[in-house]
Amino acid sequence: MRFLLECWEVVKGEVMGTFHAFHSRGSFEKSLNATFIAFIPKKGRALDVRDFRPISLILDSVLIASECVDSRLRSGVPGVLCKLDIEKAYDHVSWSFLLYLMERMGFGDRWRRWIHFCISSARFSILVNGAPTGFFSSSRGLRQGDPLSPFLFLFVMEAFSRLMKKATELGLLRGFRVGRDAVSQSEISHLMFADDTLVLCDANVSQIRYLRCILIWFQVVSGLKVNVGKSVLVPVGEVPEIETFADILGCRTGSFPISYLGLPLGAPSRCGGIWDPVVDRFERRLAGWKKQYLSKGGKIPSSVAERIERLQRNFLWGGRGEEFKFHLVRWDQVCRPIRNGGLGLRKLVPFNKALLGKWLWRFGVERHWLWRRVVACRFGEMRGGWSSLEVRDPRGVGVWKFIRKGWDDFSKHIRFRLRDGRRICF
């Protein structure tokens, strides 16, 4: 991108000529669509091709999921949460199904021809010891790393969402209801972020069977298959039949907390152990860096923040080996802005507080977003809709109660500008 910005006057003619030719003819040189694949092992001693990874709005979903699970646990009504893993998601997409969906969504014939050429003209070559070994084509799938692929994949997953929505409307499935009363309730049956999918439903054998049918139908039309070996069914409350449900779906059972989009889901709010994977991952990331090349020039508990900052300090002054090094500058000085003589590192506690404040700001301005509707249905909202009502119960697995605690401090730093007066009271 920087090359294009710096040299645009030089390459503008050729670049725009290529785009104009593609717009009029619907094709370009196939060499522009060549892809080199390097296999990255997923684990040590990788032997099978499945042991390698071909390389070529998260937080909203986590917040919704945590509040849905917490609300269900408090209601005492048993339910199940199914975390689905789509096997080789991008690689198995049916082109004909994708183009059919685009037609149903209103994309014209020219658009569909453009997309078909882009996905079908790709050529691949496996790198062996860094050298290509000849090219081959494919008959399905979307390329990893192609900026167009995530958008096209969302079209395909929209079909699964429509199947789930239709099943809910017909009463075949029933999601988790969130709200203080029957009038203001929202029902959440599934959450999706790319190929990470959660399904929430009652602990009912007929609903599990219908879910199994939906997964099979979706696989037949789209080419996307659920990897039952990596999918997990988690009971929400007391579910004695959980093993029976797992046999119907063909997956394994699990228990809370589980990892969803890299964050813990279903962990008790006062459980400090949920932060251990975060600290371990942070420590491994620092350990992987080469210290000699470093120039020495939801609410995080204070104990966790201290552990992470201790890792940062030891990394900064640790030298090349594991020997002890004295910390030559106070950490407060290191965390000052560069213009004030520091390194510009952020202290975790105030930085975490600022990020939580962003959620409070979003609640006031993102009035029609799903996560905001879920929070408002569950806890209610202040007049004007600028904040939810205060959450007094410290128990449970939800995360919004910790975010809401910062409202008193956050509200001191915002100003209201009077316009039509619909959201301001005196």
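Computed from a predicted model, the values in this text were never measured in an experiment. (Residues numbered from 1 in each chain as written. Predicted model: local features only at pLDDT ≥ 70, side-chain atom pairs only at ≥ 80, totals over all residues. Heavy atoms only, no water.)

Asker: Please clarify how the overall build of the chain should be interpreted in this entry.
Answerer: The number of helices and strands found in the chain is 15 helices and 14 strands. For the chain, the residues scored as buried account for 38% of the 426 residues in total. Working note: accessible area of the chain is about 26200 Å², and carbon and sulfur atoms make up 56% of it. (Helix = DSSP H or I, 4+ residues; strand = E, 2+ residues; numbered from the N terminus. Buried < 20%, exposed > 50% of the residue type's maximum accessible area, 1.4 Å probe, protein only. Areas by Shrake-Rupley, 256 points an atom, 1.4 Å probe, with all protein chains shown as cover.)

Asker: How do you make sense of the pattern of salt bridges when you look at a structure like this?
Answerer: For side chains bearing opposite charge, pairing can occur when the charged atoms are close. The final tally for this structure, using the stated rule, is 20 salt bridges. Of the charged contacts in the structure, one is a salt bridge between R113 and D109, with a shortest N-O distance of 3.0 Å. Of this pair, R113 and D109 are both found in helix α5 (residues 109–120), 4 residues apart, which corresponds to roughly one turn of the helix. Of the residues examined, R113 reaches a relative accessible area of 42% and is grouped as partly exposed. (Salt bridge = Lys/Arg side-chain N within 4 Å of Asp/Glu carboxyl O.)

Asker: What am I meant to see in the environment of F363 here?
Answerer: Position of F363 relative to the elements: it lies in helix α12 (residues 348–365). Residue class for F363 comes out buried when judged on its relative accessible area of 1%. Between the C-alpha atoms of F363 and S388, which are 25 residues apart in sequence, the distance is 8.0 Å. Excluding its chain neighbours within four sequence positions, the residues that come into contact with F363 are W371, R372, V375, A376, E381, G385, W386, S387, S388 and W400. (Contact = heavy atoms within 4.5 Å.)

Asker: Looking at this model, I keep getting lost on the packing of aromatic side chains. Mind explaining?
Answerer: With the rule as written, the count across this model stands at 10 aromatic pairs. Ring geometry for Y90 against F153: centres 4.9 Å apart, planes inclined by 35°, an arrangement best described as tilted. Taken together, the residues Y90 in the loop between β3 (79–87) and α4 (95–104) and F153 in helix α6 (residues 149–169) connect sequence positions 63 residues apart. Exposure class is identical for Y90 and F153. Each is buried. Ring geometry for W111 versus W114: centroids 5.4 Å apart, planes at 65°, classification edge-to-face. Placement of both W111 and W114 in helix α5 is noted, with a separation of 3 residues, approximately one turn of the helix. (Phe/Tyr/Trp six-rings, centres within 6.5 Å; stacked < 30°, edge-to-face > 60°.)

Asker: What am I meant to see in unusual backbone geometry here?
Answerer: Apart from glycine, the bulk of residues carry a negative phi angle, and the bulk of peptide bonds sit in the trans form. Residue F256 is joined to P257 through a cis peptide bond whose omega torsion reads 0°. Here P257 lies in the loop between β12 (252–253) and β13 (258–260). In the Ramachandran plot, K88 falls in the positive-phi region, its phi being about 45° despite a non-glycine side chain. Within the secondary structure, K88 is located in the loop between β3 and α4.

Asker: Could you clarify how one ought to interpret helix α13 (residues 370–379) in this entry?
Answerer: Counting along an α-helix, one turn takes 3.6 residues, and residues three or four places apart therefore face a common direction. Taking burial as the measure, the 10 residues of α13 include 8 buried ones, the bulk of the element. At the C-terminal side of α13, G380 shows a positive phi close to 80°.

Asker: What should I look at first to understand the packing of α12 against α13 in this one?
Answerer: Helix-helix packing is characterised by the crossing angle of the two axes and by the distance between the axes. One can describe the packing of α12 onto α13 by two numbers: an axis separation of 10 Å at closest approach and a directional angle of 90°. The angle between α12 and α13 places the two elements in the roughly perpendicular class. In this structure, α12 uses W359, R362 and F363 to contact α13, whose residues at the interface are W371, R372, V375 and A376. Of the residues contributing to the contact of α12 with α13, the split by class is 5 nonpolar, no polar and 2 charged. (Axes fitted to C-alpha atoms, helices over the stretch in contact; angles between N-to-C directions. Parallel < 35°, antiparallel > 145°, perpendicular 65-115°, else oblique. Nonpolar A, V, L, I, M, F, W, Y, C, P; charged D, E, K, R; others polar.)

Asker: Is there a simple way to explain the side chain of R404 in this structure?
Answerer: Among the secondary structure elements, R404 is positioned in helix α14 (residues 400–404). Separated by 3.2 Å, the side chains of R404 and S387 make a polar contact. Within polar-contact distance, the side chain of R404 engages the backbone oxygen of S388 at 2.8 Å. Not counting chain neighbours up to four residues away, the residues in contact with R404 comprise L360, M382, S387, S388, L389, E390 and V391. (Polar contact = N/O pair within 3.5 Å; in protein donor to acceptor, adjacent residues only side chain to side chain.)

Asker: Would you mind showing me how to read helix α7 (residues 205–222) here?
Answerer: Between its terminal C-alpha atoms α7 stretches 26 Å, which fits the 26 Å expected from 18 residues at 1.5 Å a residue. Residues of α7 that are buried make contact with β3, α4, α6, β9 (196–202), β10 (225–226) and α8 (242–249). Following α7 by one or two positions, G223 adopts a phi angle in the positive range, close to 90°. (Expected span 1.5 Å × (residues − 1).)

Asker: How should I be thinking about the environment of R104 in this particular structure?
Answerer: One can find R104 in helix α4. Under the relative-accessibility criterion, R104 is labelled exposed at 62%. Only 2.8 Å separates the side chain of R104 from the side chain of Y100, close enough to count as a polar contact.

These figures capture arrangement, not role.
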